[in-house]
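Topology and contacts: notes
Residue-level listing of the chains:
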Amino acid sequence: MSYDLRRRLWAALLILGFFAAWEILCLVLQVSDLVLPRPTQVFATLAARFGILLPHVMQTLWTTMIGFVLGVTVGVVIGAAIGVSRTAYDTVYPLLIGFSSIPKVAVVPIFVLWFGSGATPAILTALAMCFFPIVVNIATGLATTEPELEDVLKSLGASRLDILWNVGLPRTMPFFFASLKIAVTFAFVGSVLSETVASNKGIGNVMMTASSNFDVPLVFAGLFLLAALGILLYVAFSLVEARVTGWATRRQGFASA
Amino acid sequence: MSRSHAIPQGHPSIAPSIAVELSQAAVSFGKPGKTVAALQETNLRIAAGEFVALVGPSGCGKSTILRLTAGLLNPTRGAVIVGGREVGAKALRIGMAFQNPTMLPWLTIERNVMLPLKIVRPFRSDYRAKRRTEFRDRVHALLADVGLDKFANHYPWQLSGGMLQRANLCRALIHEPSLLLLDEPFGALDQFTREELWGTMQSLWLKRKPTVLLITHDLKEAGFLASRICVMSARPGRIIDDSAVDFPRPRTVDMTFDADFVALNQRLRDLIIDARSDAAIQGA
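In this text, all values refer to a predicted model and were calculated from it rather than measured experimentally.

What counts and what doesn't
Residues numbered from 1 in each chain as written. Chains lettered and ligands numbered in written order. Predicted model: local features only at pLDDT ≥ 70, side-chain atom pairs only at ≥ 80, totals over all residues. Heavy atoms only, no water. Domains from an automatic or database assignment. Contact = heavy atoms within 4.5 Å. Buried area = accessible area lost by both parts, 1.4 Å probe. Salt bridge = Lys/Arg side-chain N within 4 Å of Asp/Glu carboxyl O. Polar contact = N/O pair within 3.5 Å; in protein donor to acceptor, adjacent residues only side chain to side chain. UniProt positions renumbered as here; feature names shortened; annotations may be inferred. Helix = DSSP H or I, 4+ residues; strand = E, 2+ residues; numbered from the N terminus. Phe/Tyr/Trp six-rings, centres within 6.5 Å; stacked < 30°, edge-to-face > 60°. Buried < 20%, exposed > 50% of the residue type's maximum accessible area, 1.4 Å probe, protein only. Core = buried A, V, L, I, M, F, W, Y, C linked by side-chain atoms within 4.5 Å. Pairing = 2+ DSSP bridges. Axes fitted to C-alpha atoms, helices over the stretch in contact; angles between N-to-C directions.

**Digging into the domain arrangement of chain A**
Residues and elements named next belong to chain A.
- When cut into domains, chain A gives domain 1 (1-30) and domain 2 (34-252).
- Each partner contributes to the interface: domain 1 provides five residues, whereas domain 2 provides eight residues.
- Carbon and sulfur atoms supply 78% of the area that domain 1 and domain 2 bury against each other, a total of about 600 Å² over both sides.
- Of all residues in domain 1, Phe19, Trp22 and Glu23 bury the most surface against domain 2, accounting for 77% of the area lost on that side.
- Here domain 1 is connected to domain 2 by one salt bridge.
- Salt-bridge contacts for glutamate 23 lead to arginine 38; the nearest nitrogen and oxygen are separated by 3.3 Å.
- Here domain 1 and domain 2 share three residue pairs in polar contact (both at pLDDT 80 or more) between them.

**Brief notes about the UniProt feature "transmembrane region" (unreviewed entry) in chain A**
Residue and element names in this part refer to chain A.
- According to UniProt, the feature "transmembrane region" (unreviewed entry) maps to residues 65-85, 91-115, 122-143, 175-193 and 214-237 in the numbering used here.
- Within the segment residues 122-143, helix and strand shares are 100% and 0% respectively, and the terminal C-alpha atoms sit 33 Å apart.
- Helix makes up 100% of residues 175-193 and strand makes up 0%, while its end C-alpha atoms are separated by 27 Å.

**Brief notes about the UniProt feature "domain: ABC transmembrane type-1" (unreviewed entry) in chain A**
- Listed under "domain: ABC transmembrane type-1" (unreviewed entry) in the UniProt record, and renumbered for this structure, are residues 57-241 of chain A.
- Secondary structure over residues 57-241 of chain A splits into 86% helix and 0% strand, and the C-alpha atoms at its two ends are 26 Å apart.

**Topic: the packing of aromatic side chains**
- Taken as a whole, this structure holds 18 aromatic pairs over all chains when the rule is applied.
- Ring geometry for phenylalanine 19 of chain A against tryptophan 22 of chain A: centres 6.0 Å apart, planes inclined by 25 degrees, an arrangement best described as stacked. Remark: tryptophan 22 of chain A and phenylalanine 19 of chain A occur in helix α1 (residues 3-28); sequence separation between them is three residues, near one turn of the helix.
- The partly exposed category is assigned to phenylalanine 19 of chain A, whose relative accessible area is 23%.
- When its relative accessible area of 13% is taken as the criterion, tryptophan 22 of chain A is described as buried.
- A centroid spacing of 5.4 Å and a plane angle of 40 degrees characterise the contact between tryptophan 198 of chain B and phenylalanine 224 of chain B, whose relative ring orientation is tilted. Of the two residues, tryptophan 198 of chain B sits in helix α6 (residues 191-208) while phenylalanine 224 of chain B sits in helix α7 (residues 219-225), which places them 26 residues apart along the sequence. Across the pair, phenylalanine 224 of chain B and tryptophan 198 of chain B agree in class, each one buried.
- In textbook terms, an aromatic cluster arises when at least three aromatic residues are bridged by ring pairs, as seen for Phe18, Phe19, Trp22, Phe43, Phe220 and Phe224 of chain A.

**Here we look at the nonpolar core**
- Leu153 of chain A together with Ile229 of chain B are the most contacted members of the largest nonpolar core, which totals 64 residues.
- For this core, the element with the most residues is helix α5 (residues 161-173) of chain B, which contributes seven residues.
- Ignoring sequence-local partners within four residues, the contact set of leucine 153 of chain A consists of Ala158, Ile163 and Val167 of chain A together with Leu115 and Ile119 of chain B.
- Residues Phe68, Val72, Ala210 and Phe224 of chain A belong to the second largest nonpolar core, which totals 37 residues.

**With respect to the sheet that holds strand β6 (residues 94-98) of chain B**
Residues and elements named next belong to chain B.
- Taken in spatial order, the six strands make up an open sheet running β6-β7-β8-β3-β9-β10, and their pairing is mixed. Looking along the sheet, the strands with just one partner apiece sit at the ends: β6 and β10 (239-244). With strand direction ignored, the average angle separating the axes of adjacent strands in the sheet is 15 degrees.
- Relative to strand β7 (residues 179-183), β6 is paired through five bridges, and the arrangement is parallel. Pairing of isoleucine 94 across the sheet is with leucine 179, part of β7.
- Running over the sheet, helix α1 (residues 62-70) touches β3 (51-55), β6, β7, β8 (211-215) and β9 (228-232) and is turned about 150 degrees from β7.
- Across the sheet, α5 lies against β6 and β7, angled at about 165 degrees from β6, the strand it touches most.

Have a look at this one:
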């Protein structure tokens, strides 16, 4: 059996084992499903109510994605600016750090105040949550360009844009994709957070409603859905990352491709 | 061996054969009133097609001269004229190579060497059209000259240090610069690879005859490659000796054991040791 296959098998076994242990402990200790439903109950709920849950899943997914795309755009622009220009770095960074230290739960009520409840605060919260890791990573990537290489290019008459385009941005790609994987999960946290506070749609809202109805299996069904969506997006970005920045990990497959 | 170099005297505008001229060029860093001199008033003339090696104690301002010539640094006082114009006007096409080969890890060797063609005029306007045809052939021909033709489609991390440095030389030469600036390009290599690359460098130079300014710590390297050697004093540096090297070409590593060559080496060594101890006395 190859190493790769064995590794995957272990990962799958761990997940199965986790659910099995959960199931068995609940049965043995006779835990009420009002406190902690068994995984089988959660999956049964998921299957039974999938039709009702699907619109909420779609709502969370699209608000997250819009917030994420906007966050990435904002993050790349700010990151590129402070990575290229020392002045921009000195000027903008303190404000950014201040902003990123604010717990985003505290910002949601303000967004609701401005835009009403619904999709808009969810999108904005997702944006606010996810742009900062992108800024930091893009700026770091750009700042690590070798000075000798910059000298070589400058002596050729390269403009700053030439250097950014041919050296800075490609060098930043591994940092960028690493931050995308973090940012997309952060965006989820943001949109669900906003939904739980102020929305009548979305998985966050479903979970809040279900918990006030003591429909605990449905709360957990919501959790499972969020985890599944998070994994899905993480995997999607990992695949793109492997294609675009294979050079950074020195994969043999990339070299011969 | 003659001590003086045969460079025609005259104003640069009527002497187009002068590739580089530093006249009373000095560099100091720091705030006004609290400056540190990096280079004392220096005069240096390099004729077109000359191979000049610059040696001296570390930190003496060799790299400063190189950066001045490349237009990466402006002199605090004096003037730097390259190709008959003040630096910055880009009168000459310049190629540069450092000790660190700085190949881009996401590009193949072929594309790395091609990078200057993507940037330098007039090649850059044809880059998209010719990168798979004419430019590619040019890169391959140059790589063949240094024995790397089989590695064109490899990525930099698949090559050894010596091979990367060959590729680095190719990148510095692909756009046919008339001035080549080398900052200790072979400094990080082992002795045998270094001697091998001296041979490569010599044949590249004999074939194309660009003007070369080479910075090195290796006196043997300077004697092997250069047609003229300038010795600098300790920081803040100035040129204290300037002599032609007349050994016939192509030179061989065997030649570096000849009595004449050893004598040259000895003389340069003594000059640098003196410069170092002078600096130590001044510093004490």
